[in-house]
Each structure stands twice: as structure tokens, then as C-alpha cells.
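Chain residues, written in single-letter form:
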Amino acid sequence: MLSQKTRYAIRAMQHLADNYGQGPIQLAQIAEAQNIPAKFLTTILSELSRFGIVDSQRGKDGGYRLAVSPIDITYGDLIRLMRGSLALVPCASRFAHEKCKNCLEEGDCRTRALMLEVRDRTAELLDGVRLSDHIDLVPAQADSEG
């Protein structure tokens, strides 16, 4: 599952993408609109600023804005920045690979083979959706079926 921090980061970035080109958006506005605790949001936006995808401006008319166009940011990028990997297990990670403890040799592990497939399909989906893309909302009853 995605961490709360990652989910907040995605929602904050969606908010900034929705307001792209309209100047800085105040932290309080993002926090209220996205139901994110302001203190936690400050930490998240500072981290995203260090990654170079969010700019901050101080002062009365200050706030946050995307440093790059929403068309240039994929959901895969965001999750990798916040989580470090799309893989569900460390041995299936492309950039943060670690051997699993108490496991079979990687070449003999069917679980790893499956998780590599899951990682690749997840990456294909998330890397194909950009912050600028429209995402249809799923009706609540369909959401509760799965």
C-alpha cells in the first residue's frame, strides 16, 4: 500500500497541477482543499522542492507551484520520489534492490518472478499517466466491490 505521506504528496501535486500557471498557491489553501494536515504538508512540499518539481515563494503573495509542467510528471515519478520504488518486495526493486531475508535464491523464487511482473505492469500503467491527464472518478459502489 502507499504510505499516507505518498498519498498526500500525490493529492498536493494534483492540486498544484489543477492550478498550474495561476501563480503560487498558499499552503493553507492546498491543505484545506486536499484535507492534508498543514504541518505534514509543509514537510512534503519541502521534500518535493528539494527534488526540483515544486517551487516555493515566500512573502504575502507566496506559496507553492509546480516547477515543471504537469505533462512532464508521471504518477510513477511521484511514487518513486516519495516511496523509493514501485516494487512490493525489495528483491523486485529496480533501483533499491535488496535480497530478501530468509528466502530462496532469487533465480529459484517464483514469488520474486511474479513480483517482477507486477512491478513492470504497475510501472507501465503509472508511467503512462501524467499529472496533466484527466482521471475519471470511480463511483463509490464500484470502489467497494474490490
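Please read all numbers here as calculations on a predicted model, not as lab measurements.

1. Quick look at helix 4 (residues 75-83)
- Looking at helix 4, one finds that the buried residues are Tyr75, Gly76, Leu78, Ile79 and Met82. The arc enclosing the buried residues of helix 4, seen along the axis, measures out at 160°, which places them on a common side.
- Summarising the contacts, the buried residues of helix 4 are in contact with helix 1 (4-18), helix 3 (38-50) and helix 5 (110-126).

2. Quick look at the packing of helix 1 against helix 3
- Two numbers describe how helix 1 lies on helix 3: the axes approach to 10 Å, and their chain directions differ by 75°. With respect to their mutual orientation, helix 1 and helix 3 come out roughly perpendicular. Counting all contacts with helix 1, which are made through Lys5, Tyr8, Ala9, Ala12, Met13 and Leu16, the residues of helix 3 involved are Phe40, Leu41, Ile44, Leu45, Glu47 and Leu48.
- Residues belonging to the contact of helix 1 with helix 3 are distributed by class as follows: 10 nonpolar, no polar and two charged.

3. What about the packing of aromatic side chains?
- A complete count under the given rule lists one aromatic pair for this structure.
- Here Tyr8 and Phe40 contribute two aromatic rings whose centre-to-centre distance is 5.5 Å and whose plane-to-plane angle is 80°, an arrangement assigned as edge-to-face. Note that Tyr8 is positioned in helix 1 and Phe40 in helix 3, a separation of 32 residues in sequence.
- Overall, Tyr8 belongs to the buried group, its relative accessible area being 12%.

4. Overview of the nonpolar core
- The biggest cluster of nonpolar side chains holds 29 residues, and the ones touching the most others in it are Met13, Leu16, Ile30, Leu41, Leu45, Leu48 and Val54.
- Among the secondary structure elements, those contributing two or more residues to this core are helix 1, helix 2 (27-34), helix 3, strand 2 (63-66), helix 4 and helix 5.
- It is helix 1 that contributes the most residues to this core, seven residues altogether.
- Each residue touching Leu45, except ones within four places of it in the same chain, is listed here: Ala12, Leu16, Leu27, Ile30, Val54 and Tyr64.

5. Focus on the pattern of salt bridges
- Applying the stated criterion to the full structure yields four salt bridges.
- For the salt bridge of Arg80 with Asp127, the shortest nitrogen-to-oxygen distance reads 2.8 Å. Here Arg80, found in helix 4, pairs with Asp127, found in the loop between helix 5 and helix 6 (140-143); they are 47 residues apart in sequence, far enough to count as distant.
- What makes Asp127 partly exposed here is its relative accessible area of 30%.
- Asp120 is the salt-bridge partner of Arg119, the closest N and O atoms lying 2.7 Å from each other.
- Judged by relative accessible area, Arg119 falls into the buried class, the value being 11%.

6. With respect to the environment of Lys5
- For Lys5, the location among the structural elements is in helix 1.
- Given a relative accessible area of 24%, Lys5 falls into the partly exposed group.
- Apart from the residues lying within four places of it in its own chain, the contact partners of Lys5 are Phe40, Ile44, Glu47 and Met82.

7. What about the pairing of strand 2?
- For strand 1 (residues 54-57) and strand 2, the ladder comprises four bridges, and the chain directions are antiparallel. When the bridges of strand 2 are listed, Val54 appears paired with Leu66.
- Linking strand 1 back to strand 2 in an antiparallel pair, the connection comprises five residues, with Gly59 at a positive phi of about 105°.

The rules behind these values
- Throughout, residues of each chain are indexed from 1 in the direction in which the sequence is written.
- It should be noted that, the model being predicted, local features are given only for residues of pLDDT at least 70 and side-chain atom pairs only at 80 or more, the latter also being counted only at that level, while totals for whole chains, interfaces and linings use all residues.
- Excluded from the side-chain calculation are hydrogens and water; included are all heavy atoms of the structure.
- Burial classes follow relative accessibility: with a 1.4 Å probe on protein chains only, a residue under 20% of its type's maximum area counts as buried, one over 50% as exposed, and anything between as partly exposed.
- By the criteria applied, helices consist of DSSP H or I runs no shorter than four residues and strands consist of E runs no shorter than two, each listed in order from the N terminus.
- Arc definition: it is the arc formed by the directions from the helix axis to the C-beta atoms.
- The contact criterion used is simple: two residues touch if any of their non-hydrogen atoms lie within 4.5 Å.
- Interaxial angle, 0 to 180 degrees, is taken between N-to-C directions of lines fitted to C-alpha atoms, where a helix line uses only the stretch in contact.
- Roughly parallel means an angle under 35 degrees; roughly antiparallel means over 145; roughly perpendicular covers 65 to 115; every other angle is labelled oblique.
- In this count, Pro and Cys sit with the nonpolar residues alongside Ala, Val, Leu, Ile, Met, Phe, Trp and Tyr, while Asp, Glu, Lys and Arg are called charged and the others, Gly among them, polar.
- Geometry of aromatic contacts follows a simple scheme: Phe, Tyr and Trp rings, the Trp one being its six-membered ring, pair when their centres are within 6.5 Å, and the pair is stacked under 30 degrees between planes, edge-to-face over 60, tilted otherwise.
- What we call a nonpolar core is a set of buried Ala, Val, Leu, Ile, Met, Phe, Trp, Tyr and Cys residues that are connected through their side-chain atoms within 4.5 Å.
- The salt bridge definition used is simple: a Lys or Arg side-chain nitrogen within 4 Å of an Asp or Glu carboxyl oxygen.
- A pair of strands is considered paired only if DSSP assigns at least 2 bridges between the two.

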